[in-house]
Amino acid sequence: AFQMQQRAVALDEASIRDVSLFSGGVIKGQKLQDYVNEQVDDRFIEHMHKPFIAVATQLETGQRTFFDRGNTGRAVRASSSIPGVFEPAAIGPSRYVDGGVVSPVPVDAARHLGADFVIAVDVSTRDAGTAPTHMVGIIGRSVAIMGQMLGAQELARADVVIRPKVSDIGPADFEQRSRAILE
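Given the structure is predicted, the values throughout are model-derived calculations rather than measurements.

Which residues make up the environment of arginine 77, and what values go with them?
Here arginine 77 shows up in helix α3 (residues 72-80). Not counting residues within four places of it along the chain, the set of residues in contact with arginine 77 comprises Lys28, Gly29, Gln30, Leu32, Gln33, Glu87 and Ala89. Within the structure, arginine 77 has its side chain in polar contact with the side chain of glutamine 30 (distance 3.0 Å).

If you had to explain a negative patch on the surface to someone new, which residues and values would you point to?
There is a patch of like negative charges on the surface, built from Asp34, Glu38, Asp41 and Asp42. By the secondary structure assignment, aspartate 34 is in helix α2 (residues 30-39).

Describe the sheet that holds strand β2 (residues 54-58), with residues and values.
Sheet architecture is open: 4 strands sit in the order β3-β2-β6-β5, paired in antiparallel fashion. Single-partner strands in this sheet number two, and they are β3 (64-67) and β5 (89-91). Taking the axes of each pair of neighbouring strands and ignoring which way they run, one obtains an average angle of 45° across the sheet. Pairing of β5 with strand β6 (residues 94-98) involves 3 bridges; the strand directions are antiparallel. Each residue of the ladder has a partner; that of isoleucine 91, found in β6, is serine 94. Across the sheet, α3 is in contact with β2, β3, β5 and β6; its angle to β2 comes to roughly 55°.

Which residues make up the packing of aromatic side chains, and what values go with them?
To describe a pair of aromatic rings, one takes the distance between the centres and the angle between the planes. Summed over the entire model, instances satisfying the criterion amount to 1 aromatic pair. For the pair phenylalanine 67 and tyrosine 96, a centre-to-centre distance of 5.2 Å together with 75° between the ring planes defines the contact as edge-to-face. On the criterion of sequence distance, the pair formed by phenylalanine 67 in strand β3 and tyrosine 96 in strand β6 is long-range, its members being 29 residues apart. With relative accessibility at 12%, the residue phenylalanine 67 sits in the buried group. With relative accessibility at 8%, the residue tyrosine 96 sits in the buried group.

Which residues make up the pairing of β2, and what are the values?
For β2, a buried count of 5 out of 5 residues is recorded, marking the element as mostly surrounded by other parts of the structure. Going residue by residue along β2, you find Ala54, Ala56 and Gln58 tucked away on one face and Val55 and Thr57 tucked away on the opposite face as well. Bridge count for β2 against β3 is 4 bridges, and the pairing is antiparallel. Residue pairing across strands places valine 55 opposite phenylalanine 66, the latter belonging to β3. Here β2 folds back onto β3, and the loop between the two strands holds 5 residues, one of which, glycine 62, carries a positive phi near 80°. In the sheet, β2 pairs with β6 via 3 bridges, with the strands oriented antiparallel. Considered in β6, the bridge of alanine 56 is made with aspartate 98.

Quick rundown of α2? Include the residues and the values.
Among all positions in α2, only Leu32, Gln33, Tyr35, Val36 and Asn37 are buried. On its buried face, α2 sits against α1 (2-10), α3 and β4 (84-86). Count one or two residues on from α2 and you reach aspartate 41, which has phi positive near 55°.

Definitions and limits used
Residues numbered from 1 in each chain as written. Predicted model: local features only at pLDDT ≥ 70, side-chain atom pairs only at ≥ 80, totals over all residues. Heavy atoms only, no water. Helix = DSSP H or I, 4+ residues; strand = E, 2+ residues; numbered from the N terminus. Contact = heavy atoms within 4.5 Å. Polar contact = N/O pair within 3.5 Å; in protein donor to acceptor, adjacent residues only side chain to side chain. Patch = residues over 30% accessible without salt bridge, like charges linked within 9 Å, V, L, I, M, F, W, Y side chains within 5 Å. Areas by Shrake-Rupley, 256 points an atom, 1.4 Å probe, with all protein chains shown as cover. Salt bridge = Lys/Arg side-chain N within 4 Å of Asp/Glu carboxyl O. Lys, Arg positive; Asp, Glu negative; His and termini not counted. Charge placed at Lys NZ, Arg CZ, Asp CG, Glu CD. Pairing = 2+ DSSP bridges. Axes fitted to C-alpha atoms, helices over the stretch in contact; angles between N-to-C directions. Phe/Tyr/Trp six-rings, centres within 6.5 Å; stacked < 30°, edge-to-face > 60°. Buried < 20%, exposed > 50% of the residue type's maximum accessible area, 1.4 Å probe, protein only.

Written out as structure tokens, the structure reads:
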């Protein structure tokens, strides 16, 4: 855990951010893929020391996909491709976006790996108690509600749920990484 914390604190966001406008996202994702592969010494998923799985959403079909073999960086890239932020990751003939689109808290992925006991960490945005009045806010809130409903279904299949207080930290807010780690 301490090694992971050291790497997170030392991470320079420029090493994973490759801006690419008009490509389906603001960030291409190749730098993230390369960074992950470097961190795992180019080890494929099936050769990891600990069981690992990445969850992504196949863009063409909407199917949840478990990557449990192959290029680790590519699988993480697909799993991290937040729509509108990262361009979809191409793997074979398909394109993939963030697994959170269909599986916000991947309890089923842990069960797929053979876990008998699942501790889920829910970092989803909580209800603010107010309804936005402008179009972008309404769309954002509607997407958050969908994610919460999907996440609640999977969380019900976890044995323990932990909810760190990080809902006010954005996915690209690198300045808050130390606080996020402490939570």
